[in-house]
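Structure assessment
Below, each chain spelled out in residue letters.
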Amino acid sequence: MIRPTGPVPRRLFLAGAAALAAAPARAQNAAMEDLARAAARESGPCVWYESSPQEQTDRVIAAFNRRYPNVRVQHVRLVGGVDIAARMVQEARTPGQSADIASVSADQIWNLNRRNLLAQVEWQRLGASAQQAPVPFTVNIAAAAYVIVYNTAMVTGDAVPRGWDDLLNPRWQGRTGTWLISHPFAQLTKAWDEARATAFTERYARLNPMLFRSTFTLAQQIAAGELPIGLGLWHASQPVIARGAPVALVPLEPTVTTSIWTAVARNAPNPNSARLFVAWLLTPEGARAYEDATQRGSALVQGTRTAEMLAGKTVVEYGPEETEVFSRNLARFNEVLKAGGREAG
Amino acid sequence: MMRRLALLPLGLLLAYLAVVPLILLGLASLKPEGFLDDEGWTFDNWRAVYLGPQLWPMLGNTLVFALGSTAAALLLGTLLAWLVERTDLPGRGLVRVMIILPLATPPLLLAIAWVLLLSPRTGFFNFALMGALGLDRAPFDIFSMGGMVFVETMVLLPSVYLMLAPAFRNMDPNLEHAAFVSGASVWTVVTRIVLPLLRPAILAAAVFMLIVCLVVFDVPGTIGMPVRIFVVSSLVYIWAAESPTGLPLYGRIAALAVLFVVVLLALALVYQLLSLQGQRFATISGKGYRPRPMPLGRWRWAAFAGVWTYFFLATIAPLAVLLVTSLLPFQTRITWEVLDRLTLDHHLAFLGNPRLLTAVRNTAIIALVSASLVALLSLLVSWAVVRSRAPGRRIIDLLAFLPLGIPGVMIGVGLITVYLTFTWIPIYGTIWILVVAYVTTFLAYGTRTTNGVLVQLHRDIEEAASVAGAGYWTVLRRIVLPLALPAVIAVWVWVFAHAARELSTALMLHGRHNTVISTLMWNFWSGGDGPRAAAVGVWLMLALFLLVGLWQLLVRRQERA
Amino acid sequence: MLEAASLTKTYVTAQGPWRAVDDVSFRIEAGEFFTLLGPSGCGKTTTLRSIAGLETPDEGRIAIGGQAVFDARAGVNLPANRRDLGMVFQSYAVWPHMSVLRNVAFPLEVHGASRREAAEGARRALDLVGLGHLAERSATLLSGGQQQRVALARAIVRPVRLLLFDEPLSNLDAELRIQMRVELRDLQRRLSATSVYVTHDQEEAMALSDRIAVMRAGRIVEVGTPDQLYLRPRHPFTARFIGQAELVPADLLRRDGGGALLRTRLGDIACEWAGDVAPGPASLLVRPEHIELHPPGTDGPNTAHGRVLSVAFLGKLADHEVDVAGLRMRVQTMSTARRAPGTEVTLRFPPERCVALAPE
Ligand SMILES: Nc1ncnc2c1ncn2[C@@H]1O[C@H](COP(=O)(O)OP(=O)(O)O)[C@@H](O)[C@H]1O
Ligand SMILES: [Mg+2]
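Predicted model only: the values in this text are computed from it and were never measured.

Let us now look at the overall build of chain C. Check the secondary structure of chain C and you find 8 helices and 22 strands. For chain C, the residues scored as buried account for 53% of the 360 residues in total. In chain C, once contacts between residues fewer than 6 apart in sequence are set aside, the share between residues at least 24 apart is 65%.

Below you can see the structure in the form of structure tokens.
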């Protein structure tokens, strides 16, 4: 087995209301200016691995370049966090081939750090809050929140769901769907106790939910009328809603989220550009630009829609340092979902 | 002597293309997390795969899916190839275009089109039938093993057709005519003369399709997985893209891939045995032959009706659904009412995409180069395998076939590792790494097709040329190539279409400089924009339609001359 | 037995329509061996395949044994498998995936014979063509001549109404060709099978046929027995195509009875036979072996003076090249009677061997 080589982090991330770190603004601005000058001297472009469609990240980079016109950032889209993590591991063997920035989920960032592939940065000197940058190797730039997605033409009246328990209504037998991976269910163990989360997942599985490869597909299927209801992600449902599909979302209490953790590669060819860009993503301007483009915002930055939506909610999520526990849960819950109604007989 | 010398570089090239990923596969399966730079060695992955609980329960599904799809595609594909290439079926030119048309559509989209047609809740056909027959339940459920087999059959059929058509076309028609004059019925001619004669080609297609069915994921992932029908390739997907540990389980995938490779080797061996026993039939003789269609007589219009019913159901309907979907604001059940909501937005968005030009250029270069390389290499490999008596020729054939058994993910991982190591071949992140990947994987298809045709060539034909003083390359260029041309062109078109539509490899190897059309499509698709992805599919289809139409025009011109 | 009337077949090619067969008509009696003879590309195969039902003519009618199997007007077109024929293909078309025996047994099997009956019948047919000992051999392991015999056995294994042959001997070496020619003729006599044979080899046609149809460019030029076509052709094309011919430009002065008087550079020549020719430009046909050489000064009708230019010794025969009034003519004699180069001679053209034909 590979031993973790990175610094063992403190307990990282507590969900809850956002609070800005009180870093002296002037020092922070000066640090950013220095960084921007250094970044402009790098050959670039600074490569950012992230899994949003390029149409979306184009807008983020455009916003960044309005503030820092001389720093080039190129987004390369890989399919998902797992791919990005794998690519980072492989590229580490060849100097100069590495991407500069990676945006992935908690378990992936944990693995990358364990393999000593991430730069340790004093993010708070660049203006990050303690919640945004609980450890030196990564920052939390945004989160995706799980919600109930339903088709308003098919689900009306008292059938309209209000919370977790409404997902288990027998009327959805064979007519509901979710992501193939049991992410939201595995996260629930953090809010409820293990037994309750397991019981919940088993009951849901007995409804024989359809399991989709992506929550975008789930939202499409609900929009198309294939299913009346499902457990999906807020941002993944926005495209169909924007196009006028009869789809509505119900936020949940507690809310389960998946945060996007972003880090600079240890041997990034353009380390200053990378730091500058990531630090900018943490500013209100950057966070809003990212949220506007990808529909995923940071609850840790005031003024974002995500912060508004999650205000007053209990937000639960396993942090990077809890990866081992989380992975075990996830594998177990995956099997529960895959078994569907079979065990119930 | 010349022949042996020519074999050597070919062997080396194939070894490079096939053996390198294979070795990396072996190494990865023995590394704790499947990365070459992991420390230490372990059998954990093997244990997890073969002693773990996940693999074996999926084997039953996998067999049903692979055997079912292969058998159905082979049956229908052979029938179509025979009807089109050997009979006086009316409108054959158009039929050829129609068969190939779905080839350019990414199977992902095709599967979605079929969901829109046959889903029990939203399927157009289901609703039409329920309305027409007064049923109160949907007659079809696409989300089933039957649905998976059906859609995979539709996906594979053009490939089967393209593999077999050249062999059919090349067969000396007098072999059929002799039986016909002897008093045999059309059925007897087909079952006792045509099929046995083409057994090598049909077997080759069968082996190829079986392996493909073992490895493919688009259809099982879109149709089977939502309702918990898992096949072995679903495991590969889950371990690669959704591993619960945060890093892909390349080690396990590699260990599993060894199973694929073993199955492939076994099938290839069985194939070689069978086609040795049954000899290889030289059905193209040097005697002036002029293929002339076999009259179907009173079956002619029945066959015509059958073929077009098939096209309507299998090609026109799903492609029409894709077209309509691409014109809808969001994916939805197809009813007459949606016609009021049609919009060109998605097409305009696709055409106005700032990356479109780059993507089209990249795709065109990749498709052209891959298609040409595969066509050329296939011809060389087949010629060496079928004709030369050099020792390693069997191995060369296997080398060309092997990569088919390696899941695309692992080819991708292998190539990434190789070109991150050999940085003096600077193709990492460029379109050329995609070309290498496509040549590696598609060569299996190419060589199966050209093998089938070259075994038909009478040795005399080449020997006559050699005796006339032509050297190795002259014989190849002036004699073998022209005779094998229908097959070589079929390979070219197939690879072109597949290289243009290929998604998972393109995504796997996506880097700074190699955006292609299918990755653009994926951008739309995974961004929640199914209809916009469908729009890309429509344009891919249109491009292939033009290409195939042009090809058919040339063929017809050539046939007349 | 077989009647073909006004067969026409036009192929559409890149260069426009092409009449491969153009208004071809003929009749064949039962038991007759009938040959279509002509240079390659003249439409023989197309005609034969039309009879077989493998090609559909645009116009015309074909009747076998009084039954119309094809009639463009009446819309009759019996498929090949119901015409009750045997056919030998130029490429043999021996099925490589079957043994010799199964190849030959095939026609019997598809006509409902049991496997055993079929095998017995096939053995008999193989014995007839002298291949009985190879019955179990795989068809791919045969020499050209053996394959040819297999194809033949397959064609005759059933009693059929009509046997069709498409240049069956053209792929064999010269010696084998002559041997097979004899065997084929014997076999046909023994079975008294009505046969249509296609070849471009005039010797083969002469040796085998009861009657020959000479074809050119899709049309039948003339039909006759080998004897008639050799000695008394009606058309200069036939004269040239069959045997060796000396054709001398001439003027036809008058016709008398079956013959004619020609004026040529050799002098006036009386012919006892005239083909389709009217007074005016014509040509004189005389075969080299029919020209007599006499000592110089021999006089009489149908003679001319000449000088030997060269001689080729062919063994039994000798070929002379003789200069006659500025014309170079070939004269063939027994080699014992050959003349030395430079010798002055008188040539005699026997009237019974001279034919007046239309100009070439
Ligand atoms: N399918 C065809 N398409 C076009 N032209 C053809 C076809 N079959 C035959 N021909 C032409 O018709 C003529 C007669 O052909 P064929 O009957 O095979 O001649 P033969 O057997 O006397 O050599 C030839 O000029 C040939 O090129
Ligand atoms: Mg011919």
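Rolled over the atoms, a probe sized like a water molecule indicates the empty space that remains. With the rule as written, the count across this model stands at 16 cavities of 30 Å³ or more. In this structure, the second largest cavity is lined by 15 residues; those nearest its centre are A:Gln90, B:Gly34, B:Leu36, B:Val413 and B:Thr417. Counting residues per element, the ones that place at least two in the lining of the second largest cavity are α3 (81-91) of chain A together with α1 (2-29) and α18 (408-421) of chain B.

A word on the interface of chain B and chain A. Where interface size is quoted, it is often the accessible area lost as the parts come together. Listed by partner, the interface residues are 66 residues for chain B and 65 residues for chain A. For the pair chain B and chain A, the summed buried surface comes to about 5,600 Å²; carbon and sulfur atoms form 49% of the total. Together, B:Arg228, B:Phe330 and B:Arg512 form the three largest contributors to the area buried by chain B at its contact with chain A, with a combined 14%. One can count 7 salt bridges joining chain B with chain A. A salt bridge links B:Asp38 to A:Arg115; the shortest N-O distance between them is 2.6 Å. Taken together, the links from chain B to chain A amount to 28 residue pairs in polar contact (both at pLDDT 80 or more). A per-class count over the side of chain B that touches chain A returns 30 nonpolar, 23 polar and 13 charged.

Once that is clear, we can look at the interface of chain B and chain C. Taken together, the contact pairs 26 residues of chain B with 32 residues of chain C. Between chain B and chain C, a total of about 2,400 Å² is buried, with carbon and sulfur atoms accounting for 64% of that surface. Here chain B and chain C share 1 salt bridge between them. The shortest N-O distance in the salt bridge between B:Arg192 and C:Glu109 comes to 2.8 Å. Applying the counting criterion to the chain B and chain C interface returns 7 residue pairs in polar contact (both at pLDDT 80 or more). When residues of the side of chain B that touches chain C are traced back to their parent elements, those giving at least two are α8 (173-181) and α9 (186-197) of chain B. Counting residues per element, the side of chain B that touches chain C draws most heavily on α8(B), which supplies 7 residues. Looking at the side of chain B that touches chain C residue by residue, the class counts come to 12 nonpolar, 9 polar and 5 charged.

Residue and element names in this part refer to chain C. Across 7 bridges, strand β18 (residues 303-313) lies against strand β19 (residues 317-324) in antiparallel orientation. Residue pairing in the sheet places Val311 in a bridge with His320 of β19. The turn joining β18 and β19, which pair antiparallel and follow one another in sequence, is formed by 3 residues; a positive phi near 100° is taken by Gly315. In this structure, β19 lies alongside strand β20 (residues 327-334), joined through 8 bridges in antiparallel fashion. The partner of Glu321 across the bridge, within β20, is Arg330. Linking β19 to β20, which pair antiparallel, is a turn of 2 residues; within it Ala325 sits at a positive phi near 45°.

A separate point is the packing of aromatic side chains. Within the structure shown, the criterion is met by 36 aromatic pairs over all chains. Centre to centre, the rings of B:Phe217 and B:Tyr237 are 4.5 Å apart; their planes meet at 15°, and the pair counts as stacked. With B:Phe217 in the loop between α10 (199-215) and α11 (218-224) and B:Tyr237 in helix α12 (residues 232-241), the pair connects residues that are 20 residues apart, well separated along the chain. Here B:Phe217 and B:Tyr237 have matching classes, each one buried. Consider the rings of B:Tyr438 and B:Phe442, whose centres lie 5.6 Å apart with planes at 25°: the pair is stacked. Here the residue B:Tyr438 and the residue B:Phe442 both occupy positions in helix α19 (residues 431-454), the gap between them amounting to 4 residues, near one helical turn. Just as B:Tyr438 is buried, B:Phe442 falls in that class too. Here a set of aromatic residues connected by ring pairs shows up, and it is made of A:Trp48, A:Phe64, A:Tyr68, A:Phe277, A:Trp280 and A:Tyr290. Above the plane of the ring of B:Trp41 lies B:Lys31, whose end atom (NZ or CZ) is 3.9 Å from the centre.

Turning to its location among the elements, C:Val12 is positioned in strand β1 (residues 2-13). In this structure the C-alpha to C-alpha distance between C:Val12 and C:Asp71, which are 59 residues apart in sequence, comes to 21 Å.

This brings us to the packing of helix α5 (residues 107-118) of chain B against helix α23 (residues 517-526) of chain B. Residue and element names in this part refer to chain B. Between α5 and α23, the shortest axis-to-axis distance is 12 Å and the interhelical angle comes to 40°. Taken together, the axis directions place α5 and α23 in an arrangement best described as oblique. Each of Leu108, Leu109 and Ile112 in α5 lies in contact with α23, whose residues at this interface are Met521, Trp522 and Trp525. Residues that form the contact of α5 with α23 fall into these classes: 6 nonpolar, no polar and no charged.

Moving on, we get to the sheet that holds strand β7 (residues 85-88) of chain C. In sheet architecture, strand pairing relies on hydrogen bonds along the backbone and comes in two forms, parallel and antiparallel. Residue and element names in this part refer to chain C. Spatial strand order, β7-β8-β9-β3-β10-β11: 6 strands in an open sheet with mixed pairing. One side of each edge strand has no neighbouring strand; the edge strands of this open sheet are β7 and β11 (219-224). Recorded for the sheet is a direction-independent mean angle of 15° between the axes of neighbouring strands. Two strands pair when backbone bridges link them, and strand β8 (residues 162-166) and strand β9 (residues 195-199) are joined in this way by 4 bridges, in the parallel orientation. Across the sheet, Asp166 pairs through a bridge with Val198, a residue of β9.

Moving on to unusual backbone geometry. The amide bond that connects A:Glu253 to the next residue, A:Pro254, takes the cis arrangement and shows omega of -5°. With respect to the helices, strands and loops of the structure, A:Pro254 is situated in the loop between β8 (247-251) and β9 (255-264). Of note in this structure, C:Ser6 is not a glycine but carries a positive phi near 50°. Looking at the secondary structure, you find C:Ser6 in strand β1. The phi angle at C:Glu167 is positive, at roughly 45°, despite the residue not being glycine. Relative accessible area serves as the criterion here: at 7%, C:Glu167 is assigned to the buried category.

So, on to the pattern of salt bridges. Residues and elements named next belong to chain B. Under the defined criterion, the tally for this structure stands at 40 salt bridges over all chains. Between Glu176 and Arg86 there is a salt bridge, with the nearest N and O atoms lying 2.2 Å from each other. With Glu176 in helix α8 and Arg86 in helix α3 (residues 55-86), this pair connects stretches of sequence that are 90 residues apart. Of the two residues examined, Glu176 and Arg86, each falls in the buried class.

Reading the values: the criteria
Residues numbered from 1 in each chain as written. Chains lettered and ligands numbered in written order. Predicted model: local features only at pLDDT ≥ 70, side-chain atom pairs only at ≥ 80, totals over all residues. Heavy atoms only, no water. Helix = DSSP H or I, 4+ residues; strand = E, 2+ residues; numbered from the N terminus. Buried < 20%, exposed > 50% of the residue type's maximum accessible area, 1.4 Å probe, protein only. Contact = heavy atoms within 4.5 Å. 1 Å grid on protein atoms, 1.4 Å probe; cavity = no way out; pocket = protein on both sides within 12 Å on 5 of 7 lines; lining within 4 Å. Points joined across faces, edges and corners; volume = space filled by probe spheres on them. Buried area = accessible area lost by both parts, 1.4 Å probe. Salt bridge = Lys/Arg side-chain N within 4 Å of Asp/Glu carboxyl O. Polar contact = N/O pair within 3.5 Å; in protein donor to acceptor, adjacent residues only side chain to side chain. Nonpolar A, V, L, I, M, F, W, Y, C, P; charged D, E, K, R; others polar. Pairing = 2+ DSSP bridges. Phe/Tyr/Trp six-rings, centres within 6.5 Å; stacked < 30°, edge-to-face > 60°. Lys NZ or Arg CZ within 6 Å of the ring centre and 35° of its normal. Axes fitted to C-alpha atoms, helices over the stretch in contact; angles between N-to-C directions. Parallel < 35°, antiparallel > 145°, perpendicular 65-115°, else oblique.

So yeah, pure geometry; function would need other evidence.
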